[in-house]
Every structure is written in structure tokens, then in C-alpha cells.
Amino acid sequence: MTTTAAAARFVATHSVLTLDARHPYAAKSLIDAHDMHRTVMSGFRGWAEDGDADARAQMGVLSTWSVDLKAGALVLVVQSQVPGDWTNIPRSALTDKPRIITVDRTLRTGDTLTFRTVVNPTYSRPTGLPTAERGRGRRAAHTRPDHVKKWFARRLQPESQSRTAPDGVVRIGATADPANLNIRMLPTVSSPGPHQGLRIARAEIRGVLTVTDPAALVDAMTRGIGHARAYGCGLLLTR
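Residues numbered from 1 in each chain as written. Predicted model: local features only at pLDDT ≥ 70, side-chain atom pairs only at ≥ 80, totals over all residues. Heavy atoms only, no water.

Q: Looking at this structure, how should I read the side chain of His37?
A: Structurally, the position occupied by His37 is in helix H2 (residues 33-41). Beyond its immediate chain neighbours, meaning those up to four positions away, His37 contacts Ala230 and Tyr231. (Helix = DSSP H or I, 4+ residues; strand = E, 2+ residues; numbered from the N terminus. Contact = heavy atoms within 4.5 Å.)

So this is what it looks like as C-alpha cells:
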């Protein structure tokens, strides 16, 4: 049994950018995952040393995006621990002024929160080598909603359970009824040119969480969950 603090505070900045999906600047980001990454990171120049491999993590930058092809609108949400500066984005690419929101909320055990997250749900595929030589295996993507649901359920944290599951999975400080989770598979994103090997499977998960470990949930909301956090996955949005 694990005893946890009854409350924890979450503080971050959310930048909401609405772009014209037909503008070349936004269109390139839609077809190139690495270009989308550059668009996100363009708002945080000068906060970390140039070339730092973990600059994104230092600044707590996470993002998610959605596109309405009929309306020609790309909505990009960027979370960070430092303020973003979006003056480097061409004004003609923006359909509205960037909206900056300061998020400052206290999460308490027992709170219920609606949530949305886009994740890169992966698992370790055995290599076929003998057990002693097998190692962690090769990462592969879940492609079925029921498998994504199981992937997320493993990260839920029942009351009085520790942040780390027996199999090493880091839990998110909240629980939910897996039967009521809404899973939607999203198109895989990739990058051409020098990033040809970059392919990111994505799934959107929506539902209701009940807070069981506020500090663990704040950590999950701050750091993100799963892989591909540099490429628009892992941001846990709640309200």
C-alpha cells in the first residue's frame, strides 16, 4: 500500500495557434512530422543552449494538433513551462492571433476530470533470439483500438497503488473505467528526406479520469506519457 499527498499543483502555459492548413507553412508541417516539430520549437528560441539534445524536455514542451480539412484549419496546442514567442510564424499563416493561457490548478484525490490525449501506443516485439540474448526487443505500434485501450489501461493507477507497476510501466496518478474510454485511430505521420525512417503511429483517447495520486498525475501532465513526445504525442489535456 502506498500513501500519497492529497493534493498537488499543476502550472503550465498553453499556446493555442490556429493556422490556415492550406498555407505552405502549415501544409509542410502536416506532411512532415519533423517540420511540425520545428514549428513547435520555433516558439522557444534562447531558453536552452543550441544543440542540447534534451532542450524540449528542459522547457517542458509538449504539443498536440488537429486538422479540419473542410474548414482548412490546423489547430496546434503547445504546452510549456516557459512562455512561447510565436512571432517567427508568418502572419499570413495564422488565421487568428495566438491565444496564450496560463494554467494554474490544484488537483485533489477524488477529483474527476475529462481528458483527451494523442499517444504513440507501442509494445516490445520479441526479436526471435534465444531468451538469454533477447533483450528488450524491437518497438512496434499497436494498430487496433482494443490493443490501444489495454495499453492505456496499464498506465492507470488504482487507488493505493504505486506510481510504477510491477512490470515497470509508469502510471499516471489516476484511474478510469476502460469500458468507457473512447479510442480513435489516427493517421500515421512520417517525415521524408533525411528522416525517412520516422513513422509515428497515433491514437486519440478520450474519457473521464478519477485522481488517485495528484503528484503522479501532475508529473504525467508535465512530462507527457508514452513515446514520440517530440512529435505531437503524449500531452494529457484535462478539464
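Q: Sorry if this is basic, but what is going on with the layout of surface pockets here?
A: If a probe as big as a water molecule is rolled over the atoms, it shows which places are left empty. Approximately 450 Å³ is the volume found for the largest pocket. Forming the boundary of the largest pocket are 18 residues, of which Thr114, Arg116, Leu237, Thr238 and Arg239 lie nearest the centre. For the lining of the largest pocket, the secondary-structure elements that each account for two or more residues are strand E1 (7-20), strand E3 (73-80), strand E4 (99-108), strand E5 (112-119) and strand E11 (236-238). Sort the elements by how many residues they give to the lining of the largest pocket and E4 lands first, with four residues. Taken together, the residues that form the lining of the largest pocket break down as nine nonpolar, four polar and five charged. Lining the second largest pocket are 19 residues, with Arg155, Val169, Val170, Arg171 and Gly226 positioned closest to its centre. (1 Å grid on protein atoms, 1.4 Å probe; cavity = no way out; pocket = protein on both sides within 12 Å on 5 of 7 lines; lining within 4 Å. Points joined across faces, edges and corners; volume = space filled by probe spheres on them. Nonpolar A, V, L, I, M, F, W, Y, C, P; charged D, E, K, R; others polar.)

Q: What is the right way to read empty space enclosed by the protein from this model?
A: For the structure shown, the criterion picks out one cavity of 30 Å³ or more. Estimates place the volume of the largest cavity at around 30 Å³. What lines the largest cavity is simply Met36, His37, Val40, Ser63, Trp65, Leu76, Ala230, Tyr231 and Gly232. Sorting the residues of the lining of the largest cavity by element identifies H2 and strand E2 (62-68) as the ones contributing at least two each. Here the lining of the largest cavity gets three residues from one element, more than from any other, and that element is H2. Grouping the amino acids of the lining of the largest cavity by side-chain chemistry returns six nonpolar, three polar and no charged.

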